[in-house]
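Observations on the model geometry
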Amino acid sequence: MPNRLALESSPYLLQHKDNPVDWYPWGDEAFARARSEDKPVFLSIGYSTCHWCHVMEHESFENATIAEVLNRDFVAIKVDREERPDVDDVYMQAVQMMTGSGGWPLSLFLTPDRKPFYGGTYYPPRSRWGRPGFVELLGAISSAWRSRRDELESSAAEMLGHLETESQARAATSAMPAGVLDAVVPALAKQFDAENGGFGGAPKFPPAMRLELLLRLWTRTGVPLAREMVEKTLSGMAAGGMYDQIGGGFHRYSVDAHWTVPHFEKMLYDNAMLARVYTLAYRAFGRPDDARVVRETLDYLLREMTPEDGGFYAAQDADSEGEEGTFYVWTPEAVAEVVGASEAPLVCARFGVTPAGNFEHGTTVLTAAKSVAELAADSGRGVAEIEVVLREAREKMYAARARRVPPATDDKQLTDWTALAISAFALAGRILREPRYVDAAGAAAERLLRECVQGGGLLHRARGGRAAIDGFATDYAFLVEALLDLYEATFEPRYLAEALRLQGVFDERFADPRGGYFLTAAGGEGLIVRPRETFDGATPSSNSVAASNLLRIAALTGDASARERADAIFAAFGGLLPHAPSAFPRLLSALDFREGSPLEVVLAGEPGRDDFDALWDAALASPRMNRVLARAETAEEVPALAPLAEGRAAAGGPARAYVCESFACRAPISDARELAAALEPARTTEARDPHLETR
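Quick caveat: nothing in here was measured; it's all calculated off a predicted structure.

What follows concerns the sheet that holds strand 12 (residues 409-410). Pairing is antiparallel in the open sheet, where 3 strands are placed in the order 8-9-12. On the outer flanks of this sheet lie strand 8 (266-267) and strand 12, each paired with one strand and no other. In this sheet, strand 12 lies alongside strand 9 (residues 315-316) in antiparallel orientation, the contact comprising 2 bridges. Across the sheet, Gln316 pairs through a bridge with Thr409, a residue of strand 12.

So, on to the pattern of salt bridges. Here the structure, examined in full by the defined rule, presents 59 salt bridges. The salt bridge involving Asp592 is made with Arg216; its shortest N-O contact spans 3.7 Å. Linking Asp592 in helix 23 (residues 585-595) with Arg216 in helix 9 (residues 208-221), this pair joins segments that are 376 residues apart in sequence. The exposure class of Asp592 is buried, given its relative accessible area of 0%. The partner of Arg430 in a salt bridge is Asp617, with the nearest N and O atoms 2.9 Å apart. Of this pair, Arg430 sits in helix 17 (residues 415-431) while Asp617 sits in helix 24 (residues 610-621); the two residues are 187 residues apart in sequence, bridging distant segments of the chain. A relative accessible area of 18% places Asp617 in the buried class.

With that settled, the discussion passes to unusual backbone geometry. A cis amide bond links Trp104 to the next residue, Pro105, at an omega of 5°. Residue Asp38 is not a glycine yet carries a positive backbone phi of 55°. Relative to the elements of secondary structure, Asp38 occurs in the loop between helix 2 (28-37) and strand 2 (41-46). Residue Asp38 is classed as partly exposed on the basis of its relative accessible area of 39%. For Ile469, which is not a glycine, the phi torsion comes out positive at approximately 70°. Residue position: Ile469 is located in strand 16 (residues 466-470).

Each aromatic ring pair is summarised here by two numbers: the centre-to-centre distance and the angle between the ring planes. One pass over the full model with this rule turns up 34 aromatic pairs. Here Tyr243 and Phe250 contribute two aromatic rings whose centre-to-centre distance is 4.8 Å and whose plane-to-plane angle is 55°, an arrangement assigned as tilted. Assigned by exposure class, Tyr243 and Phe250 land together as buried. Across from the ring centre of Tyr300, 4.0 Å away, lies the NZ or CZ of Lys266, which sits over that ring.

Across all of its chains, the model carries 2 disulfides by this definition. Here Cys50 is linked by a disulfide to Cys53, with a sulfur-sulfur distance of 2.3 Å. Between Cys50 and Cys53 the sulfur-sulfur dihedral comes to about 80°; the bridge is accordingly right-handed. Overall, Cys50 belongs to the buried group, its relative accessible area being 3%. Here Cys660 connects covalently by a disulfide to Cys665, the sulfurs 1.9 Å from one another. Taking the torsion about the sulfur-sulfur bond, which here is approximately 95°, the covalent link between Cys660 and Cys665 counts as right-handed. Residue classification places Cys665 among the partly exposed positions, given a relative accessible area of 27%.

Before going further, it helps to examine the side chain of Ser142. Considering the arrangement of structural elements, one finds Ser142 in helix 6 (residues 134-147). Overall, the relative accessible area of 7% leaves Ser142 in the buried class. A distance of 3.3 Å separates a polar atom in the side chain of Ser142 from a polar atom in the side chain of Asp73. Side-chain polar atoms of Ser142 contact the side chain of Arg146, separated by 2.7 Å.

A word on the packing of helix 21 (residues 542-557) against helix 22 (residues 560-573). Axis separation between helix 21 and helix 22 bottoms out at 7 Å; the angle between their running directions is 150°. On the basis of the axis angle, helix 21 is roughly antiparallel to helix 22. The crossing of helix 21 and helix 22 is left-handed. Only Ala562, Arg563, Arg565, Ala566, Ile569, Phe570 and Phe573 of helix 22 make contact with helix 21, whose side of the interface consists of Asn543, Ala546, Ala547, Leu550, Leu551, Ile553 and Ala554. Across the contact of helix 21 with helix 22, the residue classes break down as 11 nonpolar, 1 polar and 2 charged.

The rules behind these values
Residues numbered from 1 in each chain as written. Predicted model: local features only at pLDDT ≥ 70, side-chain atom pairs only at ≥ 80, totals over all residues. Heavy atoms only, no water. Pairing = 2+ DSSP bridges. Helix = DSSP H or I, 4+ residues; strand = E, 2+ residues; numbered from the N terminus. Salt bridge = Lys/Arg side-chain N within 4 Å of Asp/Glu carboxyl O. Buried < 20%, exposed > 50% of the residue type's maximum accessible area, 1.4 Å probe, protein only. Phe/Tyr/Trp six-rings, centres within 6.5 Å; stacked < 30°, edge-to-face > 60°. Lys NZ or Arg CZ within 6 Å of the ring centre and 35° of its normal. Disulfide = S-S within 2.5 Å. Polar contact = N/O pair within 3.5 Å; in protein donor to acceptor, adjacent residues only side chain to side chain. Axes fitted to C-alpha atoms, helices over the stretch in contact; angles between N-to-C directions. Parallel < 35°, antiparallel > 145°, perpendicular 65-115°, else oblique. Left-handed = near helix turned anticlockwise from the far one by under 90°. Contact = heavy atoms within 4.5 Å. Nonpolar A, V, L, I, M, F, W, Y, C, P; charged D, E, K, R; others polar.

What follows is the structure, encoded as structure tokens:
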């Protein structure tokens, strides 16, 4: 018989609706029962595509004996971390303080007043691998609750004190130290894997935000090592098994240092941020492979992660048929069956498919093991011929793979993650001159504005035509950024107007008087502490993106207060930046924008006319990242743009471009090549640190 989770919308919670555990969703009802029955709470936090969450479910939550103990001695609560990042943030901090690390599934024991006193991550059903068994742990906690309650409650009070102290420490303001940006390249170089690309060893996560920061710094300074780290990492990821060589798109991370064997789940946010950084790298360096990866990644999202009415699903699972990676791996026999015996050796050589394999049970995760040039040299066949063979082989292998049992797709749509994808599609659509990508960005934005804007504010999640859960700071910050990006790609005034309006709501509901923003709105559900994002993690911190947004808005509108609010964010985290620059890549990107003398570029004329579109393309093709872009005529519908656009509309005449700094503009430009030259980054090569010139 289904439990209470059967009434929920979250795909993750619905996965657990048939467990014998008497699960509650997060809410007052569960804690009221814990108080009335004087029981501790077991809190389990995970997400639908989490492999070890599935393992713990199968081992423990589907076990009738374990469920009997949970139901008798505890009140059990299940939380989808993607729907409730605020709950996850608070209790993840608690587990990290208790154990020194964290992850999912997140498993905690709480008092009925929501205070944590013990926690960890995955627990096997019986003790093994140096981990306590879940069965033994439940017994120990239950016994301690009955006989040593005062110790547990004292521990919970102490943990709450630590959480409150940490929250205060994160909000300590200080002046931004000088030279923070100068220290970034040396700091990242110390962590850089010169052989494989990326930073650190295994497991290796895709460092999209660090790469974007390095791109910014290379664009502004010309330091060769910054470019080297970007190019090496992008090439390594694209050639490895973390990149889906057949279907496009990136898996979550590589379990090894060589990008070979991935953790197979695919997350919308990873693919959005990676498509963005590959687009920016293509614009900066002009490497065709970077553009190919962008197209294949965005086409994957359109093909497999986009509903008919627009938007983007959240994730695809790592598991199918009860095993991780089964859907994606190959053997030589499987390749030959699909592409034919005559072409199988070449295809296997390209993708590294061998009888021994590189994964479990002699199977192979595909990599770009040999280049087309190497295959041509080995086979004596022409490059063009081999490219045709490989293209047809990929199509056949994709079709054959589609007939396998696929991983599950988490079909909820999250406002913040969708906004990241909107930004990527809008940027790539203009730079690669692919209107369908801009159209997809617009369709996703329209869906969000239609379904997830209610009462003037935002809702966090939509599924099945129903939107719910009050928006978090990430929803506001990421959507404001997406609308600013989409405005630059379309010059549709409504997107700029809505970005400015949502920023106002964000300021009103989320502002922290100490600088920056809380994760949750004022007047929302009271948690034991009010969370506040500091570091950039798997996705950017809302404070980092907000700083960038505020600086862009100040540059577009002349609103000095927006710049002051951005400066307050830098001050709030200024004391932390010098000690851990790799933990703040998006905030440092915003600081680079602030320090990089951003230009204001105003185009006047009619989109769709050749003269206007040539200027538009030139502005977007420039690798200069510290600039904003507006159309003068937008001021007719968005008065906030008037100080920048005043007197510059084309009024039916030829298109013109104005390049301005602090609202002082140069003479108008009508030639696209002249505009490109005017936007060419003025690299501060004389300021380079000489020891960074070579490795």
